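Structural characterization, general
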Amino acid sequence: MGKNSFQCPYCGVGCGLITNLGEEKYKNLFKDEVIPSQIKVRGNPDHPANRGLVCLKGVTLPQTFDKNRLTTPLYRESINEPFKEISWKEAYQILVEKLKKLLPEEIYFYISGQLTTEDSYVINKFAKGFLKTNNIDANSRLCMASAVVAYKMAFGSDGPPCCYEDLEDADVFLFIGSNAAEAHPVLFNRIQRTRKPDTVVVTVDPYYNDTAKKSDVHIKINAGTDTVLLNSVLYLLHQWGRIDKNFIERYTENFNQALEEAKKYPPEVASKICGIPKRDIELLAYLFANAKKLISFWAMGLNQSVNAVMKNLALINLHLATGRLGDRGCPFSLTGQPNAMGGREVGYLTNGLPGYRDVRNEEERKEVEQYWGLEGIKPTPGPVITEAIDLILEGKIKLLWVVATNPAITLPNLKKVWKALEKVFLVVNEAYADSDTLKFANLVFPAQIVPEKEGIMTATDRTLTYIHQNAQPPKNTKPDWLIFTEVANLMGGEKYFPYKERKDIFEEYKKLTKGRLCDISTFEEKDLPKRWGAKHLYKTPEGGFKFKTPGGKAKFHPTPFEIAEIDKEQLKEKGLEGILQKDEFILINGRIKNQWHTMTKTGKVDSLLKQELPPFVIIHPKDAFELGIEEMDIVKISDGENEIYRVALLRNIKRKHIFTYFGYPLWYTETPTNLVVADRVDPYSKEPDLKFRRVRLSLHKKADLAEL
Ligand SMILES: Nc1nc2c(c(=O)[nH]1)N[C@H]1C(S)=C(S)[C@@H](COP(=O)(O)OP(=O)(O)OC[C@H]3O[C@@H](n4cnc5c(=O)[nH]c(N)nc54)[C@H](O)[C@@H]3O)O[C@H]1N2
Ligand SMILES: Nc1nc2c(c(=O)[nH]1)N[C@H]1C(S)=C(S)[C@@H](COP(=O)(O)OP(=O)(O)OC[C@H]3O[C@@H](n4cnc5c(=O)[nH]c(N)nc54)[C@H](O)[C@@H]3O)O[C@H]1N2
Ligand code: SF4
Ligand SMILES: [Mo]
């Protein structure tokens, strides 16, 4: 790929983009002759992820390059003081002094799927190898952690088993807990473009989102109850004799245990719990039984739940039961961020080590120790980010280093998070002055973003893309890998962090993947984009399957249903509407098409921002009518302790559910959504139950028509 190519730094579709910088201009990129915001980008026709397609966020990216950037390190010992601008040297001195005084377990790193592979690799090595603490987690904990755990439980390893080519010949697409039309638009458009007249697209979601609007079928399920629906589909498939006995016998184990659990949910029972007609369950079973090739996409509607891993496994069970792997279909987890896959490959969660290794595995730990020349990697995973917040409040973690994420808005239970951020010595690597996390920061490093910095990213279908530098970074900013390298060197780590340029890191990391599932040891930058692993992971050359589990077989798991804040038995008898009081609702939340998370980038693009509504909540018109709420009224949403205020929009959503955007920053609303989102977690993945809250809804203020 040419020098003017890079990967879009927004969603995990991983579209290839190209700029209008020709050879001549490219040479002058760093001579102040090319104004970053005037660079034009378009979809790269040669990139396998998008073949030239692009969405509005991608195409407007350059407009985010030079607005409100941080251009100098900032420091204050107490957050009651204003920041002082300081030099890099001073900033490093302050930090190194602090780090040296603290015990490894008093330091914590919270990083991001938006970093390059090189950034994440160096930070992980600094924490786990050099400081010898596994106190490192990423925002993937709020995102992909449940899919990672489920894949490992079912297949013995992480990584989606299929790829984008599979979109072309599938005839059934299931979107469950995924609003791909808004969150993964190019992928969704590819399906829309190539679909045949008899293709069936099904969306399972409480909200009539854009994906549902463009689907053939919308199953309007009660939030939190997907496990029941999927168990019920397995029950029906078994009853109809439409399971693939041959596949089950040859390539899987534990089917009967899974079936036992599924038998608790015949459609009569499931339809009550899920709040859907029996024929929706039958239809889904029919499609699993009869499709030529069926792909199930899922994202946060399954992953961010107390029952998340079971939701994931119940879906994978259906694919195993019908032999829908490889040429006949696939469970396809959609990655959120552009390099969450790369982060997982380098092991940036509390338990990981490079090359999909795990700190708990002695052999794997030793391999990495030997390669790094650093002994003493801890054998137990560190606390996850929600646990780290508690440890800060208990005074056990004293320094938190946040990189490329905005926890002051996106972590659950924000009042508690804000207290913790006030208490800890907070170091932040950030590109923009308006990130709300900076309000709590003591020390700030001005960071470069993609594509001001070069690097490698892996997107949803395991394809790596090389990001060429395509904009001049603001003066006095640095890429994250360099900030960590320089700090490590000041602490005596020159031997372990000898990197002169970014490429040195990639070359070091690459070799560590040799012989692993995600083996990229022979990849050359000039050959990228390129996917690791076979087109279909786990498929043998003979056409059979061999998984990464100890016995080589995929594993069914029984998937019991759990839900918070609602009594399960009552739900079975009365349904959700029979349980909730007139003013009680389930608050769900998610994304909007033209904004990215906390809006530090997309909120700066005029053409995107001017289309945005005021901070809104979607309410079913009949529910609104019963509470005397009309379109554009301001409503209060309370979880008993905290409340948020939103403008009411009366739209199509399942009754007794309301939907808002989760990412509103403080400049957009005084009451961010996660004030009323709980920090309880799934027991297996420790991913928070971000999408389910029992709340009370009331009219706060009538719409002022004169103001509208
Ligand atoms: N425009 C845009 N695109 C993005 C992002 C962005 O910020 N903006 N972020 C990226 C990231 S990091 C991620 S993780 C992905 C997320 O991509 P998605 O997961 O597709 O996005 P969400 O809107 O968070 O959630 C999807 C749907 O889950 C539904 N839902 C809520 N609860 C339940 C439930 O219990 N069951 C079911 N079946 N559905 C439920 C919501 O109504 C919503 O429509 O998007 C990526 N793409
Ligand atoms: N209620 C609820 N909460 C959620 C979710 C939900 O659906 N509902 N979704 C969760 C999910 S899936 C996710 S992924 C998270 C996302 O949450 P966050 O990661 O907190 O959101 P972003 O706004 O993307 O924050 C990234 C920050 O890094 C900065 N940045 C960008 N590039 C770079 C870089 O290269 N280097 C540095 N140092 N900084 C950079 C940006 O300016 C921005 O401030 O939110 C989670 N929280
Ligand atoms: S679909 Fe995702 S990766 Fe592609 S251009 Fe849009 S935001 Fe970027
Ligand atoms: Mo995410």
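Model, not experiment: these values are computed from the prediction.

**Quick word on the domain arrangement of the protein**
Domain assignment breaks the protein into domain 1 (5-64), domain 2 (74-140 + 353-531), domain 3 (145-333) and domain 4 (574-701). With centres defined by C-alpha atoms, the gap from domain 1 to domain 4 works out at 34 Å. Taken together, the contact between domain 1 and domain 4 spans 8 residues of the former and 12 residues of the latter. For the pair domain 1 and domain 4, the number of links is 0 salt bridges. Where domain 1 packs against domain 4, one counts 1 residue pair in polar contact (both at pLDDT 80 or more).

**Points about the pattern of salt bridges**
The tally for this structure, following the rule as stated, stands at 53 salt bridges. In this structure, K416 engages D390 in a salt bridge whose closest nitrogen and oxygen atoms are separated by 2.8 Å. Remark: D390 occurs in helix α19 (residues 385-393) and K416 occurs in helix α21 (residues 414-423); sequence separation between them is 26 residues. Accessibility expressed as a relative area gives 30% for D390, which makes it partly exposed.

**Considering the site of ligand 3**
With respect to spatial proximity, the complete set of residues near ligand 3 consists of C8, Y10, C11, G14, C15, V54, C55, K57, G58, P185 and V186. Grouping the amino acids of the shell around ligand 3 by side-chain chemistry returns 8 nonpolar, 2 polar and 1 charged.

**Some remarks on the pairing of strand β2 (residues 16-19)**
Judged by which residues are buried, β2 turns out to be covered on both faces: G16 and I18 on one side and L17 and T19 on the other are all buried. In this structure, strand β1 (residues 5-7) lies alongside β2, joined through 3 bridges in antiparallel fashion. The residue bridging Q7 from the neighbouring strand is G16, located in β2. In this sheet, strand β3 (residues 41-43) lies alongside β2 in antiparallel orientation, the contact comprising 3 bridges. When the bridges of β3 are listed, T19 appears paired with V41.

**Section: the site of ligand 1**
In the region of ligand 1, 33 residues are neighbours, and N179, A183, G224, R591 and Q595 sit closest. D226 places a side-chain nitrogen or oxygen 2.8 Å from a nitrogen atom of ligand 1. A distance of 2.9 Å separates an oxygen atom of ligand 1 from a polar side-chain atom of K691. In the complex, the protein chains occlude 99% of the 900 Å² of accessible area that ligand 1 would expose alone. Elements represented by at least two residues in the shell around ligand 1 include exactly α7 (180-183), α15 (300-303) and β23 (584-590). Residue classes in the shell around ligand 1 are distributed as 13 nonpolar, 12 polar and 8 charged. Counting contributing residues per domain, the shell around ligand 1 is built from domain 3 (145-333) and domain 4 (574-701), each supplying no fewer than three.

Cut-off values and rules
Residues numbered from 1 in each chain as written. Chains lettered and ligands numbered in written order. Predicted model: local features only at pLDDT ≥ 70, side-chain atom pairs only at ≥ 80, totals over all residues. Heavy atoms only, no water. Domains from an automatic or database assignment. Contact = heavy atoms within 4.5 Å. Salt bridge = Lys/Arg side-chain N within 4 Å of Asp/Glu carboxyl O. Polar contact = N/O pair within 3.5 Å; in protein donor to acceptor, adjacent residues only side chain to side chain. Helix = DSSP H or I, 4+ residues; strand = E, 2+ residues; numbered from the N terminus. Buried < 20%, exposed > 50% of the residue type's maximum accessible area, 1.4 Å probe, protein only. Near = heavy atom within 4 Å. Nonpolar A, V, L, I, M, F, W, Y, C, P; charged D, E, K, R; others polar. Pairing = 2+ DSSP bridges. Areas by Shrake-Rupley, 256 points an atom, 1.4 Å probe, with all protein chains shown as cover.

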